[in-house]
Amino acid sequence: AAKVALEMAQLDANNPDHLVRHQYYQRITQQNHHFISAFNNTPNNTTNFLRVIQMYGGMRKTNELLKAIEIFSKESETNRINLTAIKNAYGLIGDWEGKLKVDLQLTEHEPGSYAAWFDLSQTHIRLKHTNESTQAMLKALNLFKDSEIKAPDIIPILRTNALLKPLRDQPEIKRILQNN
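In this report, we go over the structure that sits alongside the text.

Definitions and cut-offs
Residues numbered from 1 in each chain as written. Predicted model: local features only at pLDDT ≥ 70, side-chain atom pairs only at ≥ 80, totals over all residues. Heavy atoms only, no water. Helix = DSSP H or I, 4+ residues; strand = E, 2+ residues; numbered from the N terminus. Buried < 20%, exposed > 50% of the residue type's maximum accessible area, 1.4 Å probe, protein only. Contact = heavy atoms within 4.5 Å. Salt bridge = Lys/Arg side-chain N within 4 Å of Asp/Glu carboxyl O. Axes fitted to C-alpha atoms, helices over the stretch in contact; angles between N-to-C directions. Parallel < 35°, antiparallel > 145°, perpendicular 65-115°, else oblique. Left-handed = near helix turned anticlockwise from the far one by under 90°. Nonpolar A, V, L, I, M, F, W, Y, C, P; charged D, E, K, R; others polar.

1. With respect to the overall build of the chain
Item 1. The secondary structure content of the chain amounts to eleven helices and zero strands.
Item 2. Going residue by residue from the N terminus, the α and β elements of the chain occur as α-α-α-α-α-α-α-α-α-α-α.

2. A short note on unusual backbone geometry
Item 1. Here the bond from Ala151 into Pro152 is cis, since omega is 5°, no more than 30 degrees from zero.
Item 2. Within the fold, Pro152 resides in the loop between α8 (130-146) and α9 (154-160).
Item 3. In this model, Lys128 sits at a positive phi of 65°, which is unusual for a non-glycine residue.
Item 4. Among the structural elements, Lys128 can be located in the loop between α7 (114-126) and α8.

3. Some points on the environment of Ser133
Item 1. Take Ser133: it is sitting in helix α8.
Item 2. Given a relative accessible area of 0%, Ser133 falls into the buried group.
Item 3. Taking the C-alpha atoms as reference points, Ser133 and Gln122, separated by eleven residues in sequence, lie 6.7 Å from one another.
Item 4. Residues contacting Ser133, with those up to four places away along its chain left out, are Ser121, His124, Ile125 and Leu167.

4. Here's the deal with the pattern of salt bridges
Two side chains carrying opposite charge are able to pair once their charged atoms lie near each other.
Item 1. With the rule as written, the count across this model stands at five salt bridges.
Item 2. One salt bridge connects Asp103 with Lys87, and the closest N-O pair in it is separated by 3.9 Å. Linking Asp103 in helix α6 (residues 96-109) with Lys87 in helix α5 (residues 80-92), this pair joins segments that are 16 residues apart in sequence. The same class applies to Asp103 as to Lys87, namely buried.
Item 3. Overlapping salt bridges bring together Lys87, Lys99, Asp103 and Asp119 as one network.

5. Observations concerning the packing of helix α3 (residues 46-58) against helix α4 (residues 62-75)
Item 1. α4 packs onto α3 with a crossing angle of 165° between their chain directions and a minimal axis gap of 9 Å. Of the possible angle classes, the one that applies to α3 and α4 is roughly antiparallel. With respect to the hand of their crossing, α3 and α4 are arranged in left-handed fashion. Here Thr46, Phe49, Val52, Ile53, Tyr56 and Gly57 of α3 lie close against α4, whose contacting residues are Glu64, Leu65, Ala68, Ile69 and Phe72.
Item 2. Here the contact of α3 with α4 is composed, by residue class, of eight nonpolar, two polar and one charged.

6. Let's talk about the packing of α8 against helix α11 (residues 171-178)
Item 1. Packing of α8 against α11 brings their axes to within 10 Å, and their N-to-C directions diverge by 30°. In this view, α8 runs roughly parallel relative to α11, as classed from their interaxial angle. Crossing of α8 over α11 shows left-handed handedness. For the pair α8 and α11, the contacting residues are Thr134, Met137, Leu138 and Leu141 in the first and Glu172, Ile173 and Ile176 in the second.
Item 2. Of the residues that constitute the contact of α8 with α11, the class distribution is five nonpolar, one polar and one charged.

As structure tokens, this is what we get:
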């Protein structure tokens, strides 16, 4: 894009917008190189990982994004923040099998987190695993009921999200929704 903008500036010298666009695209390119370099230098840094994931996602560079996930998964500490970053990266590209593996890790790492079970349920339903999704949602709802902090509130999401419609048809979940 920077090259095209420079060519346009040369062809249409009276219009300064082309040169401004060229400079803008050069800055973006330099910034992207900086993000890649920072990630390559410290591949266990969550901020650097998030930056390259956002960059590769925006550029639709799925192969590079998958490589970054693989590197970060191997190099980073296993904790809630890093697992969440990894699962969100898989979700960004619609790799539901990859996301499922990390969602399962997250429920093992944070078994008392209703949000982790809720996300696991959503991933299962995307994979058409209705029974597993139902069980994960029931666990999420049970933990949510006893939780002091209720953000996000999963009840309205469960009631209205089109993705979760198959779960609303499940008798156990139907009963819980009727009572809330």
